[in-house]
Each structure stands twice: as C-alpha cells, then as structure tokens.
Amino acid sequence: MMDYTTLSIADVTAGLGDAARQAQDSFGRLTAAQLNWRPDPARWSVAQCLEHLISANQQMQQAAQGALGATGRRNLWTRLPGWPRLMGRMLIRSQAPQATRKFKAPSVAQPSSSAIPADIVHRFVDQHRALVAWMQRLDERRAMGVIMTSPFARVVTYSVLDGCRLMIAHDHRHLQQAARVVQDPAFI
C-alpha cells in the first residue's frame with residue numbers, strides 16, 4: 001500500500017506518467033459508447049472519471065501556480081501553524097485509492113452528464129504530460145514551503161507539494177473506479 005503523503009516530486013511525476021500510460025493502455029481503444037457506458041445511473045462512466053480528473057487537476061495546478069507566484073497577503077487558513085500540514089496529509093489519505101469513504105465531487109469538478117467525446121483519453125494523457133513537465137520544473141523545497149488554498153474549499157490549505165501528491169492519489173482512486181466499470185459483467 002503506497003503512502004502518498006511521503007512522495008517526492010520525482011515520485012509524483014513518475015506516478016503521473018504511469019497514470020497516463022495506464023489510461024491509454026486500459027481505455028485508449030474503447031469506443032465512445034464504451035467510454036460513456038455507466039453500470040447504473042448513480043455511478044460514473046470511464047469518460048466521466050477521466051473528465052473529472054482533468055477538471056480537478058487543472059484547477060489544482062492553477063491554484064498551485066497562483067500560490068507559487070503570489071506576492072500579496074495570504075488568508076488566515078494559510079497562516080495557521082500546522083493547519084496546512086494537517087489538512088494536506090488528511091486530504092491526501094482521504095483521496096487515496098485504499099480509502100473507503102465516498103465523496104461527492106465539488107460542483108466545479110463534476111463531469112458532464114451527457115456523452116463525452118471519445119478523445120477524452122487523449123486529453124487525459126496530454127494533460128498528464130503537461131503536468132509532469134510543469135512539476136519537473138518545481139523546486140521541491142519551495143513546493144514544500146509554499147502554502148496553497150484548495151480550489152474547492154477556502155478553509156482547506158496545504159503545501160504545493162501536498163497538492164501534487166493529492167493529484168496522484170486522486171488519479172489512482174478514479175483510475176481504479178474506471179477499471180471497475182470496464183470489469184463490470186454487463187459492460188458493452
């Protein structure tokens with residue numbers, strides 16, 4: 001069982017590269033109908049899982065970049081001693097694949113309820129290549145020290161490094177969810 005809370009930037013970028021390859025290998029040959037197939041109305045399709053990850057990762061990267069470039073005043077939650085470290089570890093663990101609690105995706109990261117184009121796998125892979133390139137340019141010490149605010153809840157803050165760790169933990173969680181869709185006996 002992987003401890004996502006201790007990953008280095010190099011570990012995260014390797015994991016993101018692996019996630020892109022896994023998505024391509026597992027879902028790259030599926031048709032649009034297969035990508036959009038849902039086991040039941042309450043569960044997401046493969047395409048919805050990937051679209052959710054693209055949206056969440058884009059928002060996380062933008063928030064991290066904003067924190068890294070910030071020169072102004074930070075909010076109270078970013079300045080509370082120990083709060084960002086506690087929140088980062090807790091959030092990473094809650095989104096890891098082995099976590100059993102289910103969460104409702106924030107409205108800004110909800111996937112489309114209509115058919116998603118079949119290029120979703122390609123868009124996911126491209127985004128991950130760009131994320132890897134961006135993260136490889138980060139200074140790990142600085143990423144550990146700069147505190148960002150979650151793009152999904154203002155009271156949730158964590159280091160930029162924990163934001164990167166959160167992305168890979170969250171990726172693995174939803175890639176496993178997408179794999180379960182394809183393994184469903186009723187899958188088309």
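Source: prediction; values computed, not measured.

Participant: Just to check I follow, could you spell out the overall build of the protein chain for this structure?
Facilitator: Regarding its fold elements, the protein chain presents eight helices and two strands. The secondary structure elements of the protein chain, listed N-terminal to C-terminal, are α-α-α-α-α-α-α-β-β-α. By the compact-globule yardstick of 16 Å for 188 residues, the protein chain fits well, its C-alpha radius of gyration being 17 Å. C-alpha atoms of the protein chain, sized along the principal axes, occupy 50 × 30 × 30 Å. For the protein chain, long-range pairs separated by at least 24 residues make up 81% of all intrachain contacts whose partners lie at least 6 apart in sequence. Working note: accessible area of the protein chain is about 9900 Å², and carbon and sulfur atoms make up 54% of it.

Participant: How do you make sense of the packing of helix H3 (residues 46-69) against helix H6 (residues 120-136) when you look at a structure like this?
Facilitator: Helix-helix packing: each pair is described by the crossing angle between the helix axes and the interaxial distance. Between H3 and H6, the shortest axis-to-axis distance is 10 Å and the interhelical angle comes to 25°. One element, H3, and the other, H6, form an angle in the roughly parallel class. Here the hand of the crossing between H3 and H6 comes out left-handed. Counting all contacts with H3, which are made through Ala47, Leu50, Glu51, Leu53, Ile54, Asn57, Gln58, Gln61, Ala64, Gln65 and Leu68, the residues of H6 involved are Ile120, Val121, Arg123, Phe124, Gln127, His128, Leu131 and Trp134. Taken together, the residues of the contact of H3 with H6 break down into 11 nonpolar, six polar and two charged.

Participant: I'm lost on the packing of aromatic side chains in this one. Help?
Facilitator: In this description, an aromatic ring pair is defined by two values, namely the gap between the centres and the angle between the planes. Considering all chains together, one arrives at one aromatic pair under this definition. When the ring of Trp37 is compared with that of Phe187, the centres are 5.5 Å apart and the planes differ by 90°; the resulting orientation is edge-to-face. A residue pair is termed long-range when its members are at least 10 positions apart, and Trp37 in the loop between helix H2 (32-36) and H3 and Phe187 in the segment after helix H8 (160-183) qualify at 150 residues. Grouping residues by exposure puts Trp37 and Phe187 together as buried.

Participant: Which parts of the structure should I look at to understand the packing of helix H1 (residues 9-27) against H6?
Facilitator: In the contact formed by H1 and H6, the axes pass within 9 Å of each other and the chain directions differ by 170°. Accordingly, the angle class assigned to the pair H1 and H6 is roughly antiparallel. Note that H1 runs across H6; the crossing there is left-handed. Note on element contacts: H6 touches H1 through Val121, Phe124, Val125, His128, Leu131, Val132, Met135 and Gln136, opposite Ile9, Val12, Thr13, Leu16, Gly17, Ala19, Ala20, Ala23, Gln24 and Phe27. The residue inventory of the contact of H1 with H6, partitioned by class, reads 13 nonpolar, five polar and no charged.

The rules we used
- Residues numbered from 1 in each chain as written.
- Predicted model: local features only at pLDDT ≥ 70, side-chain atom pairs only at ≥ 80, totals over all residues.
- Heavy atoms only, no water.
- Helix = DSSP H or I, 4+ residues; strand = E, 2+ residues; numbered from the N terminus.
- Rg over C-alpha atoms; globule rule 2.2 N^0.38 Å.
- Contact = heavy atoms within 4.5 Å.
- Areas by Shrake-Rupley, 256 points an atom, 1.4 Å probe, with all protein chains shown as cover.
- Axes fitted to C-alpha atoms, helices over the stretch in contact; angles between N-to-C directions.
- Parallel < 35°, antiparallel > 145°, perpendicular 65-115°, else oblique.
- Left-handed = near helix turned anticlockwise from the far one by under 90°.
- Nonpolar A, V, L, I, M, F, W, Y, C, P; charged D, E, K, R; others polar.
- Phe/Tyr/Trp six-rings, centres within 6.5 Å; stacked < 30°, edge-to-face > 60°.
- Buried < 20%, exposed > 50% of the residue type's maximum accessible area, 1.4 Å probe, protein only.

Geometric values such as these leave the question of function open.
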